[in-house]
Amino acid sequence: MTDQLHLAVALDGYGWHPQAWRTTLAADGAAESVLSGRYWAALAATAERGLLDFLTIDDTLMPQPGRREPIDPRRLAGRADAVLVAARAAPATRRIGLIPVATVTHTEPFHISKAIATLDYVSHGRAGWQVRVSATAHEAALFGRRNGSQPADALFDEAADAVEVARRLWDSWEDDAVIRDAATGRYIDRDKLHYIDFTGEHFSVKGPSITPRPPQGQPVVAALAHAPQIYEFAATSADLVFITPTDDAGLRAILEEVPGTHLKIYADVVVSFSGDTDFRSDALIFGGSATELVDILLSWQQLGIDGARLRPAVNATDLPVIVAEVVPLLQRAKRFRDGYRDGETLRERLGLPVAPNRYASR
């Protein structure tokens, strides 16, 4: 932990309030659709004006948030692929990190690895990946390859293997494998492409990737965790973990359960500056002022978190308050940056070590 608080924002649909779509459209009937690239580009640009570390883009295998199979006609339905949305937001921004959710269950790690590597290229070193598993039979039925009855232990064992495969594929090209020498006619050095030869219970992957090693070497891997088993997964597979305390005592208890010291720990807080907190969430739902929120965040920082990921209840109204009020209060307290550093990758911003290529010395 340093004296500087890290701050990020989590985006999903029109916001984390189940009726955020009604609030948004009631205020502006011409509001952009959540399927519009312009909508996401505008949100990302707003978050970047606040100098935030990164934004995350939520995703599930269901058209509505959560795991429920029935479609509720009163809730927002329909979502775009989070990785593709992040790729759309990348050219609309220059500095903010972009971390989409990508589900590993039912998805080949080869495809996820090249998608996140591509995002790292188009964003010039600002990409990450929030890992998610899928535990329901109705989600499995969308793919028809398994019955969806796997226990949680098996799902996270598979997720750990998927992350390991992705990381190896990111390393399967050395940083200087691409030569592009027109004079000699050599485009690549074949000796600097490597077979990963991963064989495990869930995957057998030869490699190399079709995408050269990402600008960061290893894009940032994140996980949202609510239980010891997932804290263990985060400790072995991720670079940062999102946790969901609701008070000081809960935060202390969680911090005692998160193993290891290398993980960056972000506390999730749903923020509703309108004061409407009458809805359910896995995270604390905060309905006070920007000043009160900053007091909580700074006290939690003293307890041991590295940063906070704020979830706007309504993107259109709560995200601007984060940028215009919360960030300046943190800056005045000397706990938040006054600007981005030129040429900084997301790994560098988070204080993560340089990622060596595991195959480069062979």
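Every value quoted in this text rests on a predicted model; they were computed, and no experiment measured them. (Residues numbered from 1 in each chain as written. Predicted model: local features only at pLDDT ≥ 70, side-chain atom pairs only at ≥ 80, totals over all residues. Heavy atoms only, no water.)

Novice: Would you mind showing me how to read the UniProt feature "binding site: FMN" (unreviewed entry) in the chain here?
Specialist: Under the local residue numbering, the UniProt record ascribes the feature "binding site: FMN" (unreviewed entry) to Asp59. By the element assignment, Asp59 lies in the loop between strand E2 (54-57) and helix H3 (82-89). According to the relative accessible area criterion, Asp59 is buried, its value standing at 11%. Not counting chain neighbours up to four residues away, the residues in contact with Asp59 comprise Arg79, Ala80, Asp81, Ala82, Val101 and Arg132. At 3.0 Å, the side chain of Asp59 forms a polar contact with the backbone nitrogen of Ala82. (UniProt positions renumbered as here; feature names shortened; annotations may be inferred. Helix = DSSP H or I, 4+ residues; strand = E, 2+ residues; numbered from the N terminus. Buried < 20%, exposed > 50% of the residue type's maximum accessible area, 1.4 Å probe, protein only. Contact = heavy atoms within 4.5 Å. Polar contact = N/O pair within 3.5 Å; in protein donor to acceptor, adjacent residues only side chain to side chain.)

Novice: Hey, could you run me through the packing of aromatic side chains in this one?
Specialist: Two descriptors summarise a pair of aromatic rings, namely the distance from one centre to the other and the angle between the planes of the rings. Applying the stated rule across the entire model yields 7 aromatic pairs. Measuring from ring centre to ring centre gives 6.2 Å for Phe54 and Phe242, while their planes differ by 50°; the resulting arrangement is tilted. You can see Phe54 sitting in strand E2 and its partner Phe242 sitting in strand E10 (residues 240-243), a full 188 residues away along the chain. Taken individually, Phe54 and Phe242 each receive the classification buried, so the pair is uniform in this respect. Members of the aromatic cluster, each reached through a chain of ring pairs, are Tyr14, Tyr39 and Trp40. (Phe/Tyr/Trp six-rings, centres within 6.5 Å; stacked < 30°, edge-to-face > 60°.)

Novice: Honestly, the pairing of strand E1 (residues 6-11) in this entry has me stumped. Any pointers?
Specialist: Along a regular strand, successive side chains alternate from one face of the sheet to the other. Taken across its 6 residues, E1 has 6 buried, putting it largely inside the fold. Covered by surrounding structure in E1 are His6, Ala8 and Ala10 together with Leu7, Val9 and Leu11, the residues of both alternating faces. In this sheet, strand E13 (residues 307-312) lies alongside E1 in parallel orientation, the contact comprising 4 bridges. Looking across to E13, one finds that His6 is bridged to Gly307. (Pairing = 2+ DSSP bridges.)

Novice: Would you take a moment to explain the side chain of Asn357 for this structure?
Specialist: Summarising the element assignment, Asn357 is placed in the segment after helix H11 (346-349). According to the relative accessible area criterion, Asn357 is buried, its value standing at 13%. Separated by 3.0 Å, the side chain of Asn357 and the backbone oxygen of Asp171 make a polar contact. Of the polar contacts made by the side chain of Asn357, one reaches the backbone oxygen of Trp173; its length is 3.1 Å. Apart from residues lying up to four places away in sequence, Asn357 is in contact with Asp171, Trp173, Glu174 and Arg213.

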